[in-house]
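Chain residues, written in single-letter form:
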Amino acid sequence: NEILIATRNAGKAKEFEAMFAKKGVTVKTLLDYPEIPDVEETGTTFEENALLKAETIARTFQLMVLADDSGLKVDALDGNPGVYSARYAGKMKSDAANNAKLLHELTDIPPEKRTAQFHCTLALAYPGKKSLTVSGEIPGRILSIPKGENGFGYDPLFYIETKGKTLAEMTKEEKNTMSHRAKALEKLETAWDEWINH
Ligand code: ITT
Ligand code: NA
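In this report, we go over the structure that sits alongside the text. From a predicted model like this one, the values you see are computed outputs, not experimental measurements.

### Considerations on the overall build of the protein chain
- Check the secondary structure of the protein chain and you find five helices and seven strands.
- Tracing the protein chain from N to C terminus, the helices and strands come up as β-α-β-α-β-α-β-β-β-β-α-α.
- For 198 residues, the compact-globule estimate of 2.2 N^0.38 gives 16 Å, and the C-alpha radius of gyration of the protein chain, at 17 Å, lies within 12% of that figure.
- In terms of overall dimensions, the protein chain has a C-alpha envelope of 50 × 30 × 25 Å along the principal axes.
- Among the 198 residues that make up the protein chain, the fraction classed as buried is 43%.
- With the model as given, the accessible surface of the protein chain reaches about 10,200 Å², and the carbon-plus-sulfur share is 52%.
- Taking the 26 positively charged and 30 negatively charged side chains of the protein chain as two groups, their mean positions are separated by 1 Å.

What follows is the structure in structure tokens.
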């Protein structure tokens, strides 16, 4: 009962480990396999990139693989950084630099116009099987000053109106009940049995 998550993002890896632990599924990630090369994300949609990551590694290593392509869609920036969220401030993929760039781009935008969605697409692949994809999204607002120490990536800037706090002010348990990733994973669970048996 093992699944390889095709990610080198330590923040994502921790969330998947917590989410799958509850089901008794052992999770490996690419952080456990330094020898597996990165898959170049050449797609223009979350779905294309998630499929690219999952299918390339499933085919090469003959394993069941789950990939996550996610990012932030900011309304005032026409949906950017979107699929480019990881490389927003450059290919070193620095959370601090990405957050600084986002704040800079939104300097003149007032609070009520800083609406955004966090998006997550998951792709599940197995050699010789048609892949399964599911997505989850949550609405929020981009703050002008980061708040909270938990989570990773854009979490300190993503304010959830209904909770009155950012994703980085939530415990990982709380984030994992309501995040874009949690919503996608719920849909994956629903579709899982049907997919495995066909
Ligand atoms: P892998 O491709 O190895 O999985 P990555 O970090 O490159 O790692 P993506 O291409 O999917 O992953 O980029 C996602 C970006 O969105 C990246 O900058 C993340 O920090 C950010 N992100 C995704 N989910 C997030 C979350 O739950 N909280 C905060 N930031 C998140
Ligand atoms: Na990506």
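### Focus: the pattern of salt bridges
- All told, the structure shown has 16 salt bridges when counted by the stated rule.
- Between Lys23 and Glu189 there is a salt bridge, with its nearest N and O atoms 2.9 Å apart. Placement of the pair is Lys23 in the loop between helix H1 (10–21) and strand E2 (26–29) and Glu189 in helix H5 (residues 180–196), with a sequence separation of 166 residues.
- By relative accessible area, Lys23 is classed as partly exposed at 36%.

### Describing the coordination of the sodium ion (ligand 2)
- Within the protein, Glu41 (OE) and Asp69 (OD) serve as the donor atoms for the sodium ion (ligand 2), at 2.1 to 2.4 Å. Separated by 28 residues along the polypeptide, Glu41 in the loop between E2 and helix H2 (46–61) and Asp69 in strand E3 (residues 65–74) bring together distant segments of the chain.

### Structural notes on the site of ligand 1
- Near ligand 1 lie 22 residues; those nearest to it are Thr7, Lys53, Lys93, Asp155 and Lys175.
- Between ligand 1 and Lys12, the relevant distance is 2.8 Å, taken from an oxygen atom to a side-chain nitrogen or oxygen of the residue.
- Contact with the protein chains hides 95% of the accessible area of ligand 1, taken as 620 Å² for the molecule alone.
- Secondary structure elements with two or more residues in the shell around ligand 1: E3 and H5.
- With four residues, E3 is the largest single contributor of residues to the shell around ligand 1.
- Of the residues contributing to the shell around ligand 1, the split by class is four nonpolar, seven polar and eleven charged.

### Remarks on the environment of Ala96
- As for its position among the elements, Ala96 is in helix H3 (residues 95–105).
- On the basis of relative accessibility, which here comes to 60%, the residue Ala96 falls in the exposed class.
- Residues Ala96 and Gly153, spaced 57 residues apart in sequence, show a C-alpha to C-alpha distance of 7.9 Å.

### Focus: the environment of Ala191
- For Ala191, the position within the fold is in helix H5.
- The partly exposed category is assigned to Ala191, whose relative accessible area is 22%.

How each quantity is defined
Residues numbered from 1 in each chain as written. Chains lettered and ligands numbered in written order. Predicted model: local features only at pLDDT ≥ 70, side-chain atom pairs only at ≥ 80, totals over all residues. Heavy atoms only, no water. Helix = DSSP H or I, 4+ residues; strand = E, 2+ residues; numbered from the N terminus. Rg over C-alpha atoms; globule rule 2.2 N^0.38 Å. Buried < 20%, exposed > 50% of the residue type's maximum accessible area, 1.4 Å probe, protein only. Areas by Shrake-Rupley, 256 points an atom, 1.4 Å probe, with all protein chains shown as cover. Lys, Arg positive; Asp, Glu negative; His and termini not counted. Charge placed at Lys NZ, Arg CZ, Asp CG, Glu CD. Salt bridge = Lys/Arg side-chain N within 4 Å of Asp/Glu carboxyl O. Donors = N, O, S within 2.8 Å, 3.2 Å for Na, K, Ca; no water. Near = heavy atom within 4 Å. Polar contact = N/O pair within 3.5 Å; in protein donor to acceptor, adjacent residues only side chain to side chain. Nonpolar A, V, L, I, M, F, W, Y, C, P; charged D, E, K, R; others polar.

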